[in-house]
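# Understanding the architecture of this molecule
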Amino acid sequence: MLKTDNILSFMRSTEITPEKDGEQVVVAGWVHEVRDLGGLVFIVLRDREGFIQITLPKKVVDPETFRKARKVSRESVIMVEGTVKKEDKAPNGFEIIPKKFEILNESSAPLPLEVTEKVPAELDTRLDNRFMDLRRPKIQAIFRIKSQIVKSIRDFLYSEGFIEVQTPKIVSTATEGGTELFPISYFEKEAFLNQSPQLYKQILMSAGFERVLEIGPIFRAEEHNTTRHLNEATSVDIEMSFTDHEGVMKLLERLVAKVYEDVIQNCEKFLNILELKLEVPEIPFPRITYTSAIEIARKSQEIPWGEDLDLQALKTIGAELGGFYFITEWPTKIKPFYVMPFEDEKICKSFDLMYGYIELASGAQREHRYQKLVESIKAKGLRPESFEFYLKAFRYGMPPHAGWGLGLERFVMAMLNLSNIREAMLFPRDRTRVSP
RNA sequence: GCCCGGGUGGUGUAGUCCGGCCCAACAUGAGGGCCUGUCGAGCCCUCGCCCCGGGUUCAAAUCCCGGCCCGGGCGCCA
């Protein structure tokens, strides 16, 4: 029977070295492969950190253990107690000769996809069987790095005096216009899943939090079907009082550089698994105005001033600039109502952080003057009455403020050079997928 | 929403253009066997597939129609 003290004392693959030769250990994990040579059986055990070879010479191990081990199905969960043996012929220079070999849970066969990566699987098949897809070290590496990215973002922003908050995901109004919202059934009322914490983090500026951070889900009901859109994504949002767009751009580029530093320092193993070599991007990032950006885009297409940049335009600009850069001074009419215009009201204090042709973040100094804000809402064809809960916060002392929202999965995608944003989400929600 | 492309063993592909040589091939896998140094082990035997429904035809994986599902691009969007 399984002993609980074993569960508490088992070692992970990376904790064992050839120097532990002769020591008794307990290891646990999945049967990655079984190589049965007749009188000698090798079992490759896979755990969270790597692989361990379990070696069963017929003449050495007990016959019952030998029989059980050579018949165990791939991906079964096992716990092995045995002796570490220094062995140059074994991977990592050691192997384990088992005394006890316990099958904690037998796996069915055949498997829905190959964890060993001998046969590729399509993304759709992989996502349908994500629990197994995620067993592949390459896939797990993406989420180990994503975890580090989130930790790094938190650490950095906490050190800059940010307070982490949680704002509602169920909201009553179609907030910013632009994107489509998912309607939900909320008792007798109409409600939606929130597309962004924008209005709430601004209200918190009025509340005096001064610097807030939120990492949470956002929902977009767009019927897009591309490799860089999700219907549920994670947004890293910040809002900061007593600063302008320049202030939050500087914060953002420092954050990006810090995240790269931390990932390079702490995720070497996972970067190696992904065969990636990262460099900390140099800051400050180049800044180009919208007006000069369309000048570049005009090399390959017609584009009138005031139009949003389409993919073709962004590809032309991205090819010229490469890496990280900001596009600033956008036309006011293509940005949301809450952005602060310049003196010349045709352009606004809005910026996008780009990586190549991918938009990673978008931010601005916000309009904090009540009357101007109401006018701006009207100018977008929206009704100020439906924003009363928000506008109220601007009537009783709203400091000047600025902020941005960074798409976490897009950031992961950019850093790890993933070809599809779905790869950056454990259980992606797209146009057709709601399960698993 | 628009435009392309596609659905063949558990998985990934070939075959479809030009119907018959396909009661469908290859790899991986699964079941069994041999083998004491494998590390994508090797070798032998066996198992398993044409998305669904109509139609054309002597004959359909292949051609036509409808449906369902999926992928990509555009638009929109972060």
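Anyway, here's the lowdown on the structure attached to this text. (Residues numbered from 1 in each chain as written. Chains lettered and ligands numbered in written order. Predicted model: local features only at pLDDT ≥ 70, side-chain atom pairs only at ≥ 80, totals over all residues. Heavy atoms only, no water.)

### Brief notes about the protein's contact with RNA strand B
As a matter of local geometry, RNA strand B sits amid 49 residues, with Arg 35, His 229, Leu 230, Leu 311 and Arg 410 nearest to it. Counting only the atoms of RNA strand B that lie within 4 Å of the protein, the sugar and phosphate share comes to 57%. Within the side chain of Glu 95, an N or O atom sits 2.6 Å from a base nitrogen of RNA strand B. Ranked by residue count, the leading element in the surface near RNA strand B is strand β1 (residues 24–36), at three residues. Taken together, the residues that form the surface near RNA strand B break down as 15 nonpolar, eleven polar and 23 charged. (Near = heavy atom within 4 Å. Polar contact = N/O pair within 3.5 Å; in protein donor to acceptor, adjacent residues only side chain to side chain. Helix = DSSP H or I, 4+ residues; strand = E, 2+ residues; numbered from the N terminus. Nonpolar A, V, L, I, M, F, W, Y, C, P; charged D, E, K, R; others polar.)

### Some points on the sheet that holds strand β9 (residues 189–193)
Reading across the sheet, the three strands line up as β7-β9-β8 and stay open at both edges, with antiparallel pairing between neighbours. One side of each edge strand has no neighbouring strand; the edge strands of this open sheet are β7 (170–171) and β8 (183–186). Relative to β9, β7 runs antiparallel, the two sharing two bridges. Within β9, the residue paired with Val 171 across the bridge is Phe 192. (Pairing = 2+ DSSP bridges.)

### Side note on helix α5 (residues 137–159)
With 23 residues, α5 extends 32 Å between its outermost C-alpha atoms, agreeing within 8% with the 33 Å of an ideal straight helix rising 1.5 Å per residue. Gly 161, located one to two residues past α5, shows a positive phi value of around 90°. (Expected span 1.5 Å × (residues − 1).)

### Brief notes about unusual backbone geometry
Cis geometry is found at the peptide bond from Ala 109 to Pro 110, where omega equals -5°. With respect to the element layout, Pro 110 can be found in the loop between β5 (94–105) and α3 (123–128). Phi angles above zero are rare outside glycine, and Glu 329 is one such case at about 55°. The topology assignment puts Glu 329 in strand β13 (residues 324–331). On the basis of relative accessibility, which here comes to 31%, the residue Glu 329 falls in the partly exposed class. (Buried < 20%, exposed > 50% of the residue type's maximum accessible area, 1.4 Å probe, protein only.)

### Focus: the side chain of Asp 352
Topologically, Asp 352 is positioned in strand β14 (residues 347–355). Its relative accessible area of 3% is what places Asp 352 among the buried residues. A distance of 3.0 Å separates a polar atom in the side chain of Asp 352 from a polar atom in the side chain of Lys 335. Here the side chain of Asp 352 touches Ser 362 through a polar contact of 3.2 Å, side chain to side chain. Apart from residues no more than four positions distant in its own chain, Asp 352 is found in contact with Tyr 325, Phe 326, Ile 327, Trp 330, Lys 335, Glu 359, Ala 361 and Ser 362. (Contact = heavy atoms within 4.5 Å.)

### Some details on the environment of Leu 276
Following the sequence through the fold, Leu 276 ends up in the loop between α8 (268–273) and β12 (287–289). The spatial distance from the C-alpha of Leu 276 to the C-alpha of His 224 is 30 Å, given a sequence separation of 52 residues. Each residue touching Leu 276, except ones within four places of it in the same chain, is listed here: Leu 271, Met 415, Leu 416 and Asn 417.

### Looking at helix α10 (residues 311–321)
Residues spaced three or four apart along an α-helix point in a common direction, a consequence of the helix completing one turn every 3.6 residues. Regarding α10, the residues found buried are Ala 313, Leu 314, Thr 316, Ile 317 and Gly 318. On its buried side, α10 packs onto β12, α9 (290–297), β13 and β14. Count one or two residues on from α10 and you reach Gly 322, which has phi positive near 65°.

### Considering the packing of aromatic side chains
Summed over all chains, the structure comprises 14 aromatic pairs. When the centroid spacing of 5.7 Å and the interplanar angle of 35° are considered together, the rings of Tyr 200 and Phe 389 count as tilted. Of this pair, Tyr 200 sits in helix α6 (residues 198–206) while Phe 389 sits in helix α12 (residues 388–391); the two residues are 189 residues apart in sequence, bridging distant segments of the chain. Given the relative accessible area of 32%, Phe 389 is considered partly exposed. Over the face of the ring belonging to Tyr 357 we find Lys 315, whose NZ or CZ atom lies 5.0 Å from the ring centre. (Phe/Tyr/Trp six-rings, centres within 6.5 Å; stacked < 30°, edge-to-face > 60°. Lys NZ or Arg CZ within 6 Å of the ring centre and 35° of its normal.)

### A word on the nonpolar core
Grouped together as the largest cluster of nonpolar side chains are 56 residues, with contacts concentrated most on Ile 145, Ile 149, Trp 404, Phe 411 and Met 415. Here Met 415 is in contact with Ile 145, Ile 149, Val 259, Tyr 260, Val 263, Leu 276 and Leu 278, once residues within four sequence places are set aside. Core analysis: the next-biggest nonpolar cluster, separate from the first, contains 39 residues, Val 165, Ile 317, Phe 387 and Met 398 among them. (Core = buried A, V, L, I, M, F, W, Y, C linked by side-chain atoms within 4.5 Å.)

### A look at the pairing of strand β11 (residues 232–241)
Among the ten residues of β11, nine are classified as buried, and the element is accordingly described as predominantly covered. Bridge count between strand β10 (residues 211–219) and β11: nine bridges; the pairing is antiparallel. Bridge pairing links Glu 214 to Asp 237 in β11. The sheet contact formed by β11 and strand β16 (residues 401–407) spans seven bridges and is antiparallel. Bridging across to β16, Asp 237 finds its partner in Gly 405.

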